[in-house]
Amino acid sequence: MDFLELLKTGKINEAIPMMSKKPDVENYTKEFNNERDIRDTQVGKRKDKISKNETIKVTKIPIPFQRQIVKTASTFLFGNPVKLVERKNQDQSDDQNKDAFLAIIDLWDDLRMDPMLLKLCRAVKSETEAAIIFFDVKKEGEKEVKIKSSLKTSKNGKLLPVFDAFGDMIAFGWEYTTKESDKDVGYLYVWTNDVKYTFKRTSKDWVEENKETNLFKKIPAVYLSQDHPEWWEVQDLIDRFEMSFSKFGDTNDYFASPMYKVKGAVKSIPKKDETGKMVKLDIVETDKGNVIEADLEVIGWDRAPEALKLEFETEKALIYGLTDTPDLSFDNVKGIGNISGIALKLMFLGPMLKAKEGKGDYQILISRIINVMKAGISNISNTSLKAKLDALKIDVEFTSVLPENLKEIIEILSDATGNKPVMSQKTAVSFNPLVNNNDEELENIKSEGQLELGDTVN
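This one's a predicted model, so the numbers in the text were calculated from it and none came from an experiment.

A.B. asks: Can you walk me through a positive patch on the surface in this structure?
C.D. replies: Taken together, the side chains of Arg112, Lys139, Lys146 and Lys148 define a basic patch exposed on the protein surface. Its place among the elements puts Lys148 in strand 5 (residues 146-152).

A.B. asks: What am I meant to see in the sheet that holds strand 5 here?
C.D. replies: Within a sheet, adjacent strands bond to each other through the backbone by hydrogen bonds, running parallel or antiparallel. Strand order in the open sheet formed by three strands is 5-4-11, with antiparallel pairing between adjacent strands. Two strands lie at the open edges of the sheet, namely strand 5 and strand 11 (221-225), each paired on one side alone. Neighbour to neighbour, the strand axes of the sheet diverge by 15 degrees on average, direction disregarded. Strand contacts of helix 11 (residues 349-381): strand 4 (129-137), strand 5 and strand 11, with the helix running at about 170 degrees to strand 11, the strand carrying the most contacts.

A.B. asks: Before we go on, may I ask you to explain the layout of surface pockets in this structure?
C.D. replies: Vacant regions in the atomic arrangement are exposed by a probe of water-molecule size rolled over the atoms. By volume, the largest pocket amounts to about 650 Å³. Going through the elements one at a time, helix 4 (65-78), helix 6 (113-127), strand 11 and helix 11 are the ones with two or more residues in the lining of the largest pocket. Top contributing element to the lining of the largest pocket by residue count: helix 11, with seven residues. Split into classes, the residues belonging to the lining of the largest pocket amount to twelve nonpolar, seven polar and eight charged.

A.B. asks: Would you take a moment to explain the pattern of salt bridges for this structure?
C.D. replies: Note that side chains of opposite charge can pair when their charged atoms are close. Counting across every chain of the model gives 17 salt bridges. The salt bridge involving Arg36 is made with Glu242; its shortest N-O contact spans 2.9 Å. A residue pair is termed long-range when its members are at least 10 positions apart, and Arg36 in the loop between helix 3 (25-32) and strand 1 (49-50) and Glu242 in helix 7 (residues 235-255) qualify at 206 residues. Neither Arg36 nor Glu242 differs from the other in exposure class; each is buried. In this structure, Glu315 engages Arg240 in a salt bridge whose closest nitrogen and oxygen atoms are separated by 3.7 Å. With Glu315 in helix 8 (residues 306-322) and Arg240 in helix 7, this pair connects stretches of sequence that are 75 residues apart. The class of Glu315 is buried, set by a relative accessible area of 7%. Beyond isolated ion pairs, a larger network of salt bridges with shared partners links Glu31, Arg39 and Asp239.

A.B. asks: When you look at unusual backbone geometry in this model, what are you seeing that I'm missing?
C.D. replies: Excluding glycine, residues mostly have negative phi values, and the peptide bonds linking residues are mostly trans. Although it is not a glycine, Asp324 sits at a positive phi angle of roughly 55 degrees. Along the chain, Asp324 falls in the loop between helix 8 and helix 9 (330-333). By relative accessible area, which is 31% here, Asp324 ends up partly exposed. A positive phi angle, near 65 degrees, is found at Asn419, a position not held by glycine. Here Asn419 lies in the loop between helix 13 (406-416) and helix 14 (425-430). Given the relative accessible area of 61%, Asn419 is considered exposed.

A.B. asks: What exactly am I supposed to notice about the pairing of strand 8 (residues 183-191) here?
C.D. replies: The two faces of the sheet receive side chains in turn, since in a regular strand these alternate between them. Among the nine residues that make up strand 8, seven are buried, leaving the element largely enclosed by the rest of the structure. As judged from the nine bridges shared by strand 7 (residues 169-180) and strand 8, these two strands associate in the antiparallel manner. By the bridge assignment, Glu175 is partnered in strand 8 with Leu188. Where strand 7 folds back onto strand 8 in an antiparallel hairpin, the turn is made up of two residues, including Ser181, whose phi is positive at roughly 55 degrees. Here six bridges tie strand 8 to strand 9 (residues 195-201), and the two strands are oriented antiparallel to one another. Pairing of Tyr187 across the sheet is with Lys200, part of strand 9. A loop of three residues connects strand 8 with strand 9, the two strands running antiparallel in sequence.

A.B. asks: Explain the packing of aromatic side chains here, please?
C.D. replies: For any two aromatic rings, the description comes down to two numbers: the centre-to-centre distance and the angle of the planes. Counted according to the given criterion, the structure contains 18 aromatic pairs. Summarising the aromatic geometry, the rings of Phe241 and Phe245 are spaced 6.4 Å apart at their centres and angled 10 degrees between planes, so their arrangement reads as stacked. Residue Phe241 and its partner Phe245 are both found in helix 7; the two are separated by four residues, about one turn of the helix. Classification of Phe241 as buried rests on a relative accessible area of 7%. Aromatic ring contacts, followed pair by pair, group Phe65, Phe241, Phe245, Phe248, Phe312 and Tyr320 into a single cluster. The ring of Phe32 carries the charged tip of Arg67 above its face, separated from the ring centre by 4.7 Å.

Cut-off values and rules
- Residues numbered from 1 in each chain as written.
- Predicted model: local features only at pLDDT ≥ 70, side-chain atom pairs only at ≥ 80, totals over all residues.
- Heavy atoms only, no water.
- Patch = residues over 30% accessible without salt bridge, like charges linked within 9 Å, V, L, I, M, F, W, Y side chains within 5 Å.
- Areas by Shrake-Rupley, 256 points an atom, 1.4 Å probe, with all protein chains shown as cover.
- Salt bridge = Lys/Arg side-chain N within 4 Å of Asp/Glu carboxyl O.
- Lys, Arg positive; Asp, Glu negative; His and termini not counted.
- Charge placed at Lys NZ, Arg CZ, Asp CG, Glu CD.
- Helix = DSSP H or I, 4+ residues; strand = E, 2+ residues; numbered from the N terminus.
- Pairing = 2+ DSSP bridges.
- Axes fitted to C-alpha atoms, helices over the stretch in contact; angles between N-to-C directions.
- Contact = heavy atoms within 4.5 Å.
- 1 Å grid on protein atoms, 1.4 Å probe; cavity = no way out; pocket = protein on both sides within 12 Å on 5 of 7 lines; lining within 4 Å.
- Points joined across faces, edges and corners; volume = space filled by probe spheres on them.
- Nonpolar A, V, L, I, M, F, W, Y, C, P; charged D, E, K, R; others polar.
- Buried < 20%, exposed > 50% of the residue type's maximum accessible area, 1.4 Å probe, protein only.
- Phe/Tyr/Trp six-rings, centres within 6.5 Å; stacked < 30°, edge-to-face > 60°.
- Lys NZ or Arg CZ within 6 Å of the ring centre and 35° of its normal.

Quick look at the structure:
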């Protein structure tokens with residue numbers, strides 16, 4: 001019996017093992033949140049030194065390379081909002097599907113889909129999976145049904161998709177646990193194309209609590225996953241870097257401040273937090289009348305740890321290089337200066353190629369989001385647009401986060417047109433960040449021009 005048949009007959013406890021569950025999501029999330037006790041090679045596994053009299057705590061410093069790698073990779077994809085463009089046929093008029101396209105754009109903006117995509121991308125690249133669930137909301141006393149959406153990650157519960165042999169999603173489940181009367185109660189929502197099921201668990205087995213029609217008439221969940229987190233290829237290098245750096249911290253604790261080699265009797269020695277330090281030495285006379293003067297030498301770390309410095313620099317370069325993550329620290333960017341747009345893109349070619357490689361999966365994801373929006377509008381909020389929405393085709397354009405050298409672009413266009421104007425005054429005013437009202441600004445420019453002309457005639 002397949003999953004859908006088990007679900008229809010109420011045998012959810014037999015159906016749950018068929019739902020996909022990624023095994024390492026919890027560990028990946030912990031590592032992303034700077035926990036370092038998952039693998040034996042991680043710095044969190046360092047054991048404290050135990051002596052007869054005391055336990056000496058060793059240094060355990062996590063360095064968040066994982067966060068930097070994930071943040072940069074997701075920002076190169078969705079740091080700027082994506083652009084939705086209507087695809088038109090040659091025999092199609094400009095206004096044929098305009099209402100349907102504007103309905104999609106309005107819903108996209110209402111759901112704040114651009115920042116949600118950035119968060120989803122960050123979750124997928126760190127936890128290896130995330131989903132956006134759409135649902136209908138109807139307030140009491142209101143006839144209008146609104147479409148809402150919510151991002152689900154490991155923080156919100158467990159994601160349980162179900163795929164057929166061809167990789168198509170036939171159902172989607174979301175499980176979470178909450179407190180009711182000081183008891184842990186589990187809930188499981190399962191969506192198919194036709195039905196939304198609600199199950200509840202207070203002991204061992206799940207019990208069906210509710211079953212209702214799926215108004216979307218399509219699974220209202222968009223799910224994306226990847227096999228490994230973004231730092232997976234360099235996790236051993238990160239472990240080595242953190243371990244070496246922590247040991248280096250312990251070495252500094254022992255040798256960065258001077259140690260003393262003493263001969264004879266010492267009357268007093270300075271404490272570690274004293275300034276203007278002074279050591280008092282005693283002169284000792286033996287029974288035979290010999291005088292022994294105490295002597296003190298400072299033991300310092302004369303040789304700089306050049307080998308360790310080379311290791312840190314090499315490992316850091318490998319971590320950033322192998323993950324195509326630019327090192328944008330202040331020391332690296334302070335001397336760049338004003339460079340051309342092409343040179344800037346060549347500097348960031350690695351992360352740009354990495355983002356381009358990932359665009360395929362996210363284009364499919366956004367297409368699924370648009371299809372769910374179409375289904376929601378057609379079947380829930382505005383059924384009159386169903387035919388136009390079915391005929392509507394939308395393309396997705398990703399925009400770059402790199403700054404453009406506008407002066408360089410305008411100069412190239414001007415040279416290409418023989419120094420003729422390449423932009424109207426209206427367009428130039430619309431791009432002016434100091435102007436709030438474009439139409440009012442154009443009227444002011446026009447009136448000031450007329451005033452100057454009148455002054456010249458007078």
